[in-house]
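Working through the structure, step by step
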Amino acid sequence: GQGQSTLRLPYDPDDLVTILQAIGATFRGGGEAAAVPETEDGIVGRGERISVTAPKPNDVGLKLFEHLLTGEARALFNRSVGRVQENDELGLRLKLQLNLDDPQVARLARLPWELLYSKEEHEYLNLIGKYPLVRHLAISQPEKSEAIFPPLRVLVVMSNPKGVVALDLEHEKQLIEENWADHDNVEVTFMEKATLENLNKYVLEKEFHVLHYMGHGDFDPDSGQGVLIMEDDEGNADPIPAHALSVVLRKAKKMRLIFLNACETAVSAESKGQDPFAGVATALVMANVGDVLAMQFPISDKAAIKFSQSFYWSIATGLPIDAAVSEGRSAIKLALPNSMEWATPVLFMRSE
């Protein structure tokens, strides 16, 4: 059925940035022992530690849940959950539709909705597995619905430039290769010279269905711009703005999924006058290059690798993308039980 209710934000909008910084600090580094230092360029690794007094994530998740689902919306949600509980084969997808052109909605988009916590279930919805939350951005372009025929072609961009914190990309590469080893209908191509010019060349020469980026990302709250830290011809760090990346990837007509295994790629601008589609993920959604899986906080190397491994294994077994993301979250939770990093991935989903 259909119903309507009013969201009353549980936090003062002017306090959102402070709250996000405090919540984000509980994610970074996954509770592991050592901090990752800043480099001379001011770029940090997938696992920096910041000392901030943070509210408990389940308190934030419960407030978001109880303020988002009220009145008719809560009644419909409860009825739908009842239907799902009666049938083990069913799941319930929560699709959060956001119009970022509305400044008030853009502020809401910065909240960690992936933390929604049910008091009845005594659990985060995204850890239950049957209730994945995805985000849907309102844009004018139609969703891609053309069928894809095997082989599934995956382009893996490995960016590990000089002058930034080194990442264990070889291990990540090995896991991706192992996940697809027994699947003859999948072709994986690794692009190890991660320049924007080289990416443009690969996209023009072959039709890829999935782009997997592993490396560093960054977001500047002052300008509202997101970047991927790629490489120049000498192998040094080259921050690529989101709009430049979207210019290249618009040419990938068969692309269905962008997986950004990099920090703060899911963040978008919220300040007045800033472009809400200048974050990396939001720029790619606007470019209509398929579903986008990105990270809303810095993520540790261990969590990023565990998530990637479980996600691709789940895709290979035939699970839908949102269910595969749920499996990736569970993998992080099992590997890092004291960490909240399982809530770092954000899925922007426009496909059916």
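We now turn to the structure provided with this report. Source: prediction; values computed, not measured.

Overall, the coordinates contain 1 cavity of 30 Å³ or more when judged by the stated rule. Approximately 90 Å³ is the volume found for the largest cavity. Taken together, Glu143, Lys144, Arg256, Val285, Asn288, Val289, Gly290, Asp291, Arg350 and Ser351 make up the full set of residues lining the largest cavity. Each residue belonging to the lining of the largest cavity can be placed in one class, and the counts come to 2 nonpolar, 3 polar and 5 charged.

Counting 102 residues, the largest nonpolar core has Leu199 and Phe311 as the members making the most contacts within it. Of the residues forming this core, the biggest block, 6 residues, is contributed by helix α10 (residues 301–316). In this structure, Leu199 is in contact with Leu155, Val157, Met191, Leu211, Met230, Leu245, Val248 and Leu249, ignoring residues within four places of it in sequence.

What follows deals with the side chain of Asn288. Mapping Asn288 onto the fold places it in the loop between α9 (280–286) and β12 (291–295). At 3.2 Å, the side chain of Asn288 forms a polar contact with the backbone oxygen of Pro142. Leaving out residues up to four positions away in the same chain, Asn288 has contacts with Gln141, Pro142, Lys144 and Arg350.

In the structure shown here, the tally under the stated rule is 5 salt bridges. When the shortest N-O distance is used, the salt bridge between Glu66 and Lys119 registers 3.6 Å. Remark: Lys119 occurs in the loop between β2 (117–118) and β3 (123–124) and Glu66 occurs in helix α2 (residues 57–68); sequence separation between them is 53 residues. In this structure Glu66 comes out as partly exposed when scored by relative accessible area, which is 32%. A residue is classified by how much of its surface remains accessible, and Lys119, at 45% relative accessible area, is partly exposed.

Right, let's get into a negative patch on the surface. A surface patch of like charges, here negative, comprises Asp168, Glu170, Glu177 and Glu178. Mapping Glu170 onto the fold places it in helix α6 (residues 169–180). We classify Glu170 as partly exposed; its relative accessible area is 49%.

A word on the packing of aromatic side chains. With the rule as written, the count across this model stands at 9 aromatic pairs. Taking 5.9 Å as the distance between ring centres and 65° as the angle between the ring planes, the aromatic pair formed by Trp180 and Tyr312 counts as edge-to-face. One end of the pair, Trp180, is in helix α6; the other, Tyr312, is in helix α10, and 132 residues separate them in sequence. An identical accessibility class is assigned to Trp180 and Tyr312; each is buried. Members of the aromatic cluster, joined through ring pairs, are Trp180, Phe259, Phe307, Phe311 and Tyr312. The aromatic ring of Phe190 is capped on one face by Lys173, whose charged end is 5.0 Å from the ring centroid.

Taking 1.5 Å of rise per residue, the 15 residues of helix α11 (residues 321–335) would be expected to cover 21 Å, and the 21 Å separating its terminal C-alpha atoms lies within 8% of that figure. Next to the buried residues of α11 lie α5 (125–128), β4 (133–137), β11 (257–261), β12, α10 and β13 (345–348).

Conventions we followed
Residues numbered from 1 in each chain as written. Predicted model: local features only at pLDDT ≥ 70, side-chain atom pairs only at ≥ 80, totals over all residues. Heavy atoms only, no water. 1 Å grid on protein atoms, 1.4 Å probe; cavity = no way out; pocket = protein on both sides within 12 Å on 5 of 7 lines; lining within 4 Å. Points joined across faces, edges and corners; volume = space filled by probe spheres on them. Nonpolar A, V, L, I, M, F, W, Y, C, P; charged D, E, K, R; others polar. Core = buried A, V, L, I, M, F, W, Y, C linked by side-chain atoms within 4.5 Å. Buried < 20%, exposed > 50% of the residue type's maximum accessible area, 1.4 Å probe, protein only. Helix = DSSP H or I, 4+ residues; strand = E, 2+ residues; numbered from the N terminus. Contact = heavy atoms within 4.5 Å. Polar contact = N/O pair within 3.5 Å; in protein donor to acceptor, adjacent residues only side chain to side chain. Salt bridge = Lys/Arg side-chain N within 4 Å of Asp/Glu carboxyl O. Patch = residues over 30% accessible without salt bridge, like charges linked within 9 Å, V, L, I, M, F, W, Y side chains within 5 Å. Areas by Shrake-Rupley, 256 points an atom, 1.4 Å probe, with all protein chains shown as cover. Lys, Arg positive; Asp, Glu negative; His and termini not counted. Charge placed at Lys NZ, Arg CZ, Asp CG, Glu CD. Phe/Tyr/Trp six-rings, centres within 6.5 Å; stacked < 30°, edge-to-face > 60°. Lys NZ or Arg CZ within 6 Å of the ring centre and 35° of its normal. Expected span 1.5 Å × (residues − 1).

Functional significance is not addressed by these values, which are geometric in nature.
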